[in-house]
Each structure stands twice: as structure tokens, then as C-alpha cells.
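Report on the structure
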Amino acid sequence: TTLSIADPDATAPELQITLDPTTFETIITATDNQNVTLTKTPTTFSQTQYLATDDAGNTTTLLVTMQNKKNVDTVIFNSISYAQDAPLNLKSSFIVTRIPVKNGINLMQNWINKGEQIQLVYTAKTQQTKITIIDQKKRKTTKTFPGKKILTIDTHQGKLIPSY
């Protein structure tokens, strides 16, 4: 007879902030290696708490200020608490601007974090995305890619990681 003991899950869930590929509205989802529940709770007039909890009771909490004005979504990251750690204050923003045009929607996405910036600009007419990265020393790198690129912000053990 073989007895196996499952290791308890000690990993907190992670969150992802991205755009719905159809509506280009900002969405926040949770992932984990187990089932995960994401609870959205308004805490003040403009702040919202996102609490991701897995089956083992591990949690990640993200406190954001969300503003939606016509074709502009702004998400300001206020704090994050990973795996019951004390909240870490953040100074990061994710700004999405949708501009309806004849050929579809032009899309501008900005990630601003501690003096660094990533900007993605999709132009419907050319169907290209121009990506500009400005580092903390104000050095600028620009590349253009075919198609539409979507900026995604993932949490990883209490840090915010942008990708596209």
C-alpha cells in the first residue's frame, strides 16, 4: 500500500489587469493553480478592493481607483497585499483611451510606474501598434508591430509586471 500526502497550497492567487479584446474595456481577473474566487468591493467613493481567494484560503488583495470617462479608463494602483503580507503602497497607473474612427477604433494604452512608461498606440487605418518604452533615465525606445497589441498588467508575488 502506498500512502501519498498532498502538499498544501501555499501560493496566493495572482491578478491580471487587461482589456476585453472585443469592447476594449478594462477588466480584472484572478488565476491560481486551484479554484479562485474574485470579490470586488467598493471601499470609498472611487476606490475598489479586488480580493482573490483560492480554495486553501490564500489571498491577494489589490486596492485601485478606477475612473471611467467616455472613452478613457484610468486605473490607479493604490496598494497590493500578497499572501497575507502587509499592504505595499504603489504609485502606478494604467490608462486606456479609445478613439472611434472610420476604420474602427484607435487605441492608446499607457503604463506608468515609478518614472517608467510603456505606451502602446494602435492605429486602425494601418493596423499597426507602435510601442514606446521610456525608462527611469528617460531613455526612449520605439518599435512598430503589425496588428493590435494589448497591454496586460499581471501581479507576481506582490509586484506588478507589464507585458504585451
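Quick caveat, the model's predicted, so the values are computed rather than measured.

Position of Pro21 among the secondary structure elements: in the loop between strand 1 (14-19) and strand 2 (26-31). Judged by its relative accessible area of 62%, Pro21 falls in the exposed class.

As a further point, take the packing of aromatic side chains. One pass over the full model with this rule turns up one aromatic pair. Plain terms: the ring middles of Phe77 and Trp111 are 5.6 Å apart, the flat faces sit at 75° to each other, and that makes the pair edge-to-face. Note that Phe77 is positioned in strand 6 (residues 72-82) and Trp111 in strand 8 (residues 104-113), a separation of 34 residues in sequence. With respect to burial, Phe77 and Trp111 carry one shared label: buried. Over the face of the ring belonging to Tyr122 we find Lys148, whose NZ or CZ atom lies 5.0 Å from the ring centre.

A separate point is the sheet that holds strand 6. Pairing is antiparallel across the open sheet formed by nine strands, whose spatial order is 3-4-5-6-7-8-9-10-11. Of all the strands in the sheet, the pair left with one neighbour each is strand 3 (36-42) and strand 11 (140-146). Recorded for the sheet is a direction-independent mean angle of 15° between the axes of neighbouring strands. Pairing of strand 3 with strand 4 (residues 47-54) involves seven bridges; the strand directions are antiparallel. Residue pairing in the sheet places Lys40 in a bridge with Tyr50 of strand 4.

If a probe the size of a water molecule is rolled over the atoms, the empty space left behind becomes visible. Of the voids in this model, the largest pocket is the one considered here, and its volume is about 170 Å³. What lines the largest pocket is Leu88, Asn89, Leu90, Ser92, Asn113, Lys114, Gly158, Lys159, Leu160 and Ile161. When contributions to the lining of the largest pocket are tallied by element, the ones reaching two or more residues are strand 7 (88-101) and strand 13 (159-163). Counting residues per element, the lining of the largest pocket draws most heavily on strand 7, at four residues. Partitioning the lining of the largest pocket into residue classes produces four nonpolar, four polar and two charged.

Rules behind the numbers
Residues numbered from 1 in each chain as written. Predicted model: local features only at pLDDT ≥ 70, side-chain atom pairs only at ≥ 80, totals over all residues. Heavy atoms only, no water. Helix = DSSP H or I, 4+ residues; strand = E, 2+ residues; numbered from the N terminus. Buried < 20%, exposed > 50% of the residue type's maximum accessible area, 1.4 Å probe, protein only. Phe/Tyr/Trp six-rings, centres within 6.5 Å; stacked < 30°, edge-to-face > 60°. Lys NZ or Arg CZ within 6 Å of the ring centre and 35° of its normal. Pairing = 2+ DSSP bridges. Axes fitted to C-alpha atoms, helices over the stretch in contact; angles between N-to-C directions. 1 Å grid on protein atoms, 1.4 Å probe; cavity = no way out; pocket = protein on both sides within 12 Å on 5 of 7 lines; lining within 4 Å. Points joined across faces, edges and corners; volume = space filled by probe spheres on them. Nonpolar A, V, L, I, M, F, W, Y, C, P; charged D, E, K, R; others polar.

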